[in-house]
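As a plain string of letters, each chain reads:
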Amino acid sequence: MADEQAHDPLNFMRNMWGNMGFSLPGMVAPTFDLEELDKRIKDMKAVEGWLRMNLSMLQMTIQGLEMQRTTVSTVQAMGQMASDAARKMNEEAAPEAPAEAPGALSEAALWPWQMMQQMREHMQQNAEAATQAAQPAPEKPKSRRSTAKK
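An account of the accompanying structure is given in this report.

**Considerations on the overall build of the chain**
Alright, step 1. Within the chain one finds four helices and zero strands.
Alright, step 2. N-terminal to C-terminal, the α/β element order of the chain is α-α-α-α.
Alright, step 3. With 150 residues in all, the chain has 4% of them scored as buried.
Alright, step 4. About 14,000 Å² of surface is accessible on the chain, with carbon and sulfur atoms providing 61% of the total.

Written as structure tokens, this is what we have:
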């Protein structure tokens, strides 16, 4: 038996793997059987595919949550703008209006209109500013000098 081990060309490899002092993950003992290696490769590729699928699902979940957060913050900002506009409109109309305060239902019905009015005014101001910035500065009239020959 000792002679068989001495003449075995893979004995060196077996001894090297066994004397490392640590085991590689997923490998209890190294094998030189091609079918066993193919089986392990196939299993590892199946695990890799599963992990990639889970990673993709995790990334899609994160993106969905980010979109949800953005949507909620946008809706909250729009609600705040609408309530500010309604409050401003009520303050302006308060001296002219009778002592009765408008109902909550009428305020809720008016906030889209008020928000659209604010957006229209803001866009109009931006358009006027852009128009003024795009206009060239007026040129100073050039003085005419006579080119009389002496």
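**Considerations on the layout of surface pockets**
Alright, step 1. Here the largest pocket defines a volume of roughly 240 Å³.
Alright, step 2. Ala-85, Lys-88, Met-89, Glu-92, Trp-113, Gln-114, Gln-117, Gln-118 and Glu-121 together form the lining of the largest pocket.
Alright, step 3. Taken together, the elements giving at least two residues each to the lining of the largest pocket come down to α3 (34-93) and α4 (104-134).
Alright, step 4. At five residues, the largest contribution of residues to the lining of the largest pocket is made by α4.
Alright, step 5. When its residues are assigned to classes, the lining of the largest pocket shows three nonpolar, three polar and three charged.

What counts and how
Residues numbered from 1 in each chain as written. Predicted model: local features only at pLDDT ≥ 70, side-chain atom pairs only at ≥ 80, totals over all residues. Heavy atoms only, no water. Helix = DSSP H or I, 4+ residues; strand = E, 2+ residues; numbered from the N terminus. Buried < 20%, exposed > 50% of the residue type's maximum accessible area, 1.4 Å probe, protein only. Areas by Shrake-Rupley, 256 points an atom, 1.4 Å probe, with all protein chains shown as cover. 1 Å grid on protein atoms, 1.4 Å probe; cavity = no way out; pocket = protein on both sides within 12 Å on 5 of 7 lines; lining within 4 Å. Points joined across faces, edges and corners; volume = space filled by probe spheres on them. Nonpolar A, V, L, I, M, F, W, Y, C, P; charged D, E, K, R; others polar.

Without other data, these values stay purely geometric and don't point to any function.
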